[in-house]
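Given next are the chains, with one letter for each unit.
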Amino acid sequence: MGVVHGLERDSVMEHKAAIDRHLDAKGIPVLHTAVFWGERSEIKPSEISPEVYEKWLEDVKSAPTLP
């Protein structure tokens, strides 16, 4: 899930695009995304496959850490 707040639509959309690219690069498919505008700029949560997330989480847990 990701939420972005911002004052300018273009910068929020650029940030959303960066998040989408990162998820794609990690092999995490985005099944749904929505952008809502109100008193503040925000992107509501995107849905990702629970199975893909679980695999990613296991990979992160087993990744080496810096000393």
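Residues numbered from 1 in each chain as written. Predicted model: local features only at pLDDT ≥ 70, side-chain atom pairs only at ≥ 80, totals over all residues. Heavy atoms only, no water.

Moving on, we come to the packing of aromatic side chains. Per the counting criterion, the structure on display carries one aromatic pair. Between the aromatic rings of tyrosine 53 and tryptophan 56, the centroid separation amounts to 5.7 Å while the plane-to-plane angle is 35°, which identifies the pairing as tilted. Pair noted here: tyrosine 53 and tryptophan 56 are both in helix 2 (residues 50-62), with a separation of three residues, about one helical turn. Using a relative accessible area of 34% as the deciding quantity, one classes tyrosine 53 as partly exposed. (Phe/Tyr/Trp six-rings, centres within 6.5 Å; stacked < 30°, edge-to-face > 60°. Helix = DSSP H or I, 4+ residues; strand = E, 2+ residues; numbered from the N terminus. Buried < 20%, exposed > 50% of the residue type's maximum accessible area, 1.4 Å probe, protein only.)

Let's shift gears to helix 1 (residues 9-25). Taking 1.5 Å of rise per residue, 17 residues should cover 24 Å, and helix 1 covers 24 Å from first to last C-alpha, within 8% of that figure. If you check which residues of helix 1 are buried, you get Val12, Lys16 and Leu23. An end-on view of helix 1 places all buried positions within 40° of arc, on one side of the element. Projecting away from the buried face of helix 1 at angles above 90 degrees are the exposed residues Asp10, Glu14, Arg21, Asp24 and Ala25. Just downstream of helix 1 lies glycine 27, where phi reads positive at about 75°. (Expected span 1.5 Å × (residues − 1). Arc of directions from axis to C-beta.)

On to the confidence of the model for the chain. A residue-level look at the chain finds 84% of positions with pLDDT of 70 or above and a mean pLDDT of 78. Per-residue pLDDT, averaged within each element of the chain, yields its smallest value for strand 3 (residues 41-48) (55) and its largest for helix 1 (88). (pLDDT = per-residue confidence, 0-100.)

This brings us to a nonpolar patch on the surface. Side chains of Tyr53, Trp56 and Val60 sit close together on the surface and give an oily, nonpolar patch of about 250 Å² of accessible area. In this fold, valine 60 is placed in helix 2. (Patch = residues over 30% accessible without salt bridge, like charges linked within 9 Å, V, L, I, M, F, W, Y side chains within 5 Å. Areas by Shrake-Rupley, 256 points an atom, 1.4 Å probe, with all protein chains shown as cover. Salt bridge = Lys/Arg side-chain N within 4 Å of Asp/Glu carboxyl O.)

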